[in-house]
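# Secondary and tertiary structure notes
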Amino acid sequence: MPWVPELFTAPALQRLRDKRRLEELVAVPYFEGVLAGELDALVESFAGEPMLYDPVRGRIKGAPAFKAFAARMRDWLVQRHASVEHVDHVILAEAGFEEVVLHVDGETGRVALPFATVADRRADGRIEEVRVYHSNRPLTGRHTSRPPLLQPDLELRGPDAVAEHQRALAAGDVDAIVAAFEPDGYVREPGGAARIHRGRDGLRAYYHRMFSYGGGVAQEDCAIVGDEHTCALEYNVVRWGKAQLLPQAGMAAYVRGTGGKLSAVRVYDDVGPPRGQVHPHLIPGL
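Residues numbered from 1 in each chain as written. Predicted model: local features only at pLDDT ≥ 70, side-chain atom pairs only at ≥ 80, totals over all residues. Heavy atoms only, no water.

## Observations regarding the environment of A63
- Structurally, A63 is set in helix α4 (residues 63-79).
- Judged by its relative accessible area of 26%, A63 falls in the partly exposed class.
- Linking A63 and E49, residues 14 residues apart in sequence, is a C-alpha distance of 6.2 Å.
- Not counting residues up to four positions away in its chain, the partners in contact with A63 are V43 and P50. (Helix = DSSP H or I, 4+ residues; strand = E, 2+ residues; numbered from the N terminus. Buried < 20%, exposed > 50% of the residue type's maximum accessible area, 1.4 Å probe, protein only. Contact = heavy atoms within 4.5 Å.)

As structure tokens, then:
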């Protein structure tokens, strides 16, 4: 998601169907739409004037600014010989999200960039706005603080497995957070080499190191999109250990396993440990 298929030319849609081995498309994926180079189709996919929030460019508003952004991105993707590894997506009547790993040429070789988009939609499939999430660390070697995109929703209640994970994360409780996962569940870091930590031992080591910076990580929940199996939680990180942080936007995809607990958590934010609290065993990617 999120582009409206009917707005693209027949040859562009056929190339995409052939590539994805699909008969029909409910929505054109984010990068495929950009790479198609059909800027009018992207603009017309919005219900009103285009609105997109990007981790590098910030807010892009209006057709001229959006077309310039999309053209620059397409050039960058082509120059970097980008390939797109699709991870998951959910499309609902009023919203949807997409997860991919973008593989691009870096200074010292190929770089894997976990990348997520969330779109608010109208009933006719037109987009209200798109919010993009990824860490800049794989490309630049450093974190980039990102201001909030959404306000907190104090009434928001996610699925039990997600809420259990969030409580344990805020409390810095390693045992509780590991217990929230299926035995073979995993968490994927947002930056670095997109490392995956799987199983009880892998999860315990990852969260133990995370909490060694002073304690748990507290978030404000803002919005949730998904179904009973997979959902995307948009949030603002506000505290790490005892350090209060300026709110920083992020998103995490939660996948529930057959046992009702979490089989996967994939994180898309750019939050680094508080200054002065860098642990000697810093996790690559944090």
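## Examining the sheet that holds strand β4 (residues 58-61)
- Across the sheet, six strands lie side by side as β4-β3-β8-β7-β6-β5; this open sheet has mixed pairing. Edge positions in the sheet fall to β4 and β5 (83-91), since each of these pairs with one other strand and no more. On average, each strand axis in the sheet is tilted by 15° relative to the strand beside it, whichever way the strands run.
- Here two bridges tie strand β3 (residues 51-54) to strand β8 (residues 127-133), and the two strands are oriented parallel to one another. (Pairing = 2+ DSSP bridges. Axes fitted to C-alpha atoms, helices over the stretch in contact; angles between N-to-C directions.)

## Brief notes about the sheet that holds strand β12 (residues 230-240)
- An order of β10-β9-β14-β13-β12-β11 is seen for the six strands of this open sheet, with the pairing classed as mixed. The sheet is open, and its two borders are formed by β10 (196-198) and β11 (217-226), each paired with just one other strand. Adjacent strand axes in the sheet meet at a mean angle of 20° when their direction is disregarded.
- With respect to the sheet, helix α6 (residues 160-171) is in contact with β9 (181-188), β11, β12, β13 (243-256) and β14 (262-269), its orientation differing from that of β11 by roughly 165°.

## Things to note about the confidence of the model for the protein chain
- When the pLDDT values of the protein chain are averaged, the result is 89; 92% of them are 70 or greater.
- Predicted confidence for residues 278-286 stays below pLDDT 50, and this span has 29 contacts to residues more than four positions away or in other chains. (pLDDT = per-residue confidence, 0-100.)

## Observations regarding the pairing of β12
- Most of β12 sits out of view: 10 of its 11 residues are buried.
- Sheet topology note: the β11/β12 ladder contains nine bridges and is antiparallel. Considered in β12, the bridge of A223 is made with E234.
- The antiparallel hairpin formed by β11 and β12 contains three residues in its connecting segment.
- Here β12 runs beside β13; their pairing, made up of 10 bridges, is antiparallel. Bridging from a neighbouring strand, W240 pairs with A243 of β13.
- Here β12 folds back onto β13 in antiparallel fashion, the turn holding two residues, of which G241 has a positive phi close to 65°.

## What about the pattern of salt bridges?
- Across all of its chains, the model carries 10 salt bridges by this definition.
- Here D40 makes a salt bridge to K67, at a shortest N to O gap of 2.8 Å. In this pair, D40 sits in helix α3 (residues 39-44) while K67 sits in helix α4, placing the two residues 27 residues apart along the sequence.
- Note that E234 is salt-bridged to R131, the shortest N-O span being 2.6 Å. In this pair, E234 is assigned in strand β12 and R131 in strand β8, connecting sequence segments 103 residues apart. An identical accessibility class is assigned to E234 and R131; each is buried.
- Salt bridges linked by common partners bring D120, E129, R131 and E234 together as one network. (Salt bridge = Lys/Arg side-chain N within 4 Å of Asp/Glu carboxyl O.)

## With respect to the environment of T258
- Relative to the helices and strands, T258 is located in the loop between β13 and β14.
- Among the residues examined, T258 registers a relative accessible area of 88% and is labelled exposed.
- Sequence separation between T258 and H229 is 29 residues, and the spatial gap between their C-alpha atoms is 9.2 Å.

## As for the packing of aromatic side chains
- Taken as a whole and judged by the stated rule, the model has 12 aromatic pairs.
- On the numbers, 5.7 Å between centres and 35° between planes, the contact of Y30 with F115 is tilted. Of the two residues, Y30 is situated in helix α2 (residues 30-36) and F115 in strand β7 (residues 110-121); the sequence distance between them amounts to 85 residues. Neither Y30 nor F115 differs from the other in exposure class; each is buried.
- One aromatic cluster is present, formed by W3, Y30, F31, F46, F66, F69 and F115 through successive ring pairs. (Phe/Tyr/Trp six-rings, centres within 6.5 Å; stacked < 30°, edge-to-face > 60°.)

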